[in-house]
Amino acid sequence: MSKNIEKTNVMRILDQKKVKYVSHCYAETDAISGIDVATVLGQDPKQVFKTLVTVGKSGHYFVFLVPVFSELDLKKAAEAVGEKHVEMIKSKELLPLTGYIHGGCSPVGMKKFFTTTIDFSAQNFDTIIFSAGKIGYQVQLSLADLSKVIKYQLKEITF
C-alpha cells in the first residue's frame, strides 16, 4: 500500500465531505477477485465488499454491497427494495449507467444515485472496505461516515 495513492473521484468526494477514510492500492498486483483483493490487502474478506448493480421488474436500478466471499440472494435483494424480482444488469450497461467499469464500481459517485442496500453483516465491523471507483483502489470507512455521503439501508441480502 502506497502512501502516495492516486486520488480517485470517490476519494475526492469523501475529501469534499470531510469524511475520514483510509485508501488502499492493489494496482500493482494480479488480484482480480474480491477475495484476491482482501488477501493482497491483508483484510478479512467479510469486511471487504463488492458493489453490484441490479434492475428490478419496475425498471428501477438498485445498488447492493455484499461481502466479497458472498453471493447476492436476488430474492432477498428484491424483497429489501420492494420489488417482485431483481436481476444483475449486463456488464455493458454498467459504464453508461454508473460511470464505473466492472471491477471498479463504487456506491459513491455514481452518475445518478440509486437505492443502495448494504448487507447487514457490515455492522459487525468498525469499518468496511469497497471500491474507490477504479480497479486497483479501495477505500475503508465506517458506516456512519459513509452515511454522510450516500443514503443506504442495512438488510440481509446474501445466501
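The preceding data block contains the structure.
Reference entry: report on the structure contained in this document. All values reported here derive from a predicted model rather than from experimental measurement. (Residues numbered from 1 in each chain as written. Predicted model: local features only at pLDDT ≥ 70, side-chain atom pairs only at ≥ 80, totals over all residues. Heavy atoms only, no water.)

**Some details on a nonpolar patch on the surface**
Side chains of Leu95, Ile101 and Ile135 sit close together on the surface and give an oily, nonpolar patch of about 260 Å² of accessible area. Within the element layout of this structure, Ile135 appears in the loop between strand E6 (128-131) and strand E7 (137-141). (Patch = residues over 30% accessible without salt bridge, like charges linked within 9 Å, V, L, I, M, F, W, Y side chains within 5 Å. Areas by Shrake-Rupley, 256 points an atom, 1.4 Å probe, with all protein chains shown as cover. Salt bridge = Lys/Arg side-chain N within 4 Å of Asp/Glu carboxyl O. Helix = DSSP H or I, 4+ residues; strand = E, 2+ residues; numbered from the N terminus.)

**A word on the nonpolar core**
Counting 31 residues, the largest nonpolar core has Leu14, Val53, Phe130, Val139 and Leu141 as the members making the most contacts within it. When residues no more than four places from it in sequence are discounted, the contact partners of Val53 are Phe62, Val63, Met88, Ile89, Leu94, Leu97, Thr98, Cys105 and Met110. Of all hydrophobic cores here, the second largest spans eleven residues; its members include Phe62, Ala78, Val81 and Val86. (Core = buried A, V, L, I, M, F, W, Y, C linked by side-chain atoms within 4.5 Å. Buried < 20%, exposed > 50% of the residue type's maximum accessible area, 1.4 Å probe, protein only. Contact = heavy atoms within 4.5 Å.)

**Here's the deal with helix H2 (residues 34-41)**
Buried residues of H2: Val37, Ala38 and Leu41, and no others. In an axial view of H2, the angular spread of the buried residues amounts to 100 degrees, which keeps them on one side of the axis. Buried residues in H2 make contact with strand E1 (22-25) and E7. With its phi angle positive at about 65 degrees, Gly42 sits one or two positions after the end of H2. (Arc of directions from axis to C-beta.)

**With respect to the side chain of Thr51**
With respect to the secondary-structure elements, Thr51 resides in strand E2 (residues 49-56). Only 3.2 Å separates the side chain of Thr51 from the backbone oxygen of Cys105, close enough to count as a polar contact. Apart from the residues within four sequence positions on either side, Thr51 is in contact with Val63, Phe64, Leu65, Cys105, Ser106, Pro107 and Met110. (Polar contact = N/O pair within 3.5 Å; in protein donor to acceptor, adjacent residues only side chain to side chain.)

**Quick word on the sheet that holds E7**
Sheet strands pair via backbone hydrogen bonds, and the direction of the pair is either parallel or antiparallel. In spatial order, the strands read E1-E7-E6; together these three strands make up an open sheet with antiparallel pairing. Edge positions in the sheet fall to E1 and E6, since each has one partner strand and no second. Strand-to-strand twist of the sheet, defined as the mean angle between neighbouring strand axes without regard to direction, takes the value 30 degrees. The pairing of E6 with E7 spans four bridges and is antiparallel. What sits directly across from Ile129, in E7, is Gln140. (Pairing = 2+ DSSP bridges. Axes fitted to C-alpha atoms, helices over the stretch in contact; angles between N-to-C directions.)

**Considerations on the environment of Ser121**
Here Ser121 shows up in the loop between strand E5 (115-119) and E6. Taking relative accessible area as the criterion, Ser121 reaches 14% and is therefore assigned buried. Discounting residues that sit within four places of it in the chain, Ser121 has contacts with Phe49 and Pro67. Within the local environment of Ser121, its side chain forms a polar contact with the side chain of Asp119, the two groups lying 2.7 Å apart.

**What to know about the layout of surface pockets**
As a volume, the largest pocket reaches approximately 550 Å³. Lining the largest pocket are 26 residues, and of these Lys50, Thr51, His102, Gly103 and Gly104 lie nearest its centre. Taken together, the elements giving at least two residues each to the lining of the largest pocket come down to H2, E2 and helix H4 (91-98). Residues that form the lining of the largest pocket fall into these classes: 15 nonpolar, nine polar and two charged. (1 Å grid on protein atoms, 1.4 Å probe; cavity = no way out; pocket = protein on both sides within 12 Å on 5 of 7 lines; lining within 4 Å. Points joined across faces, edges and corners; volume = space filled by probe spheres on them. Nonpolar A, V, L, I, M, F, W, Y, C, P; charged D, E, K, R; others polar.)

**A short note on the sheet that holds E5**
In space, the five strands of this open sheet follow the order E4-E2-E3-E5-E8, with mixed pairing throughout. If you trace the sheet from one side to the other, it starts and ends with strand E4 (86-88) and strand E8 (153-155), each paired once. Looking at each pair of strands side by side, their axes are set apart by 35 degrees on average, direction ignored.

Functional significance is not addressed by these values, which are geometric in nature.
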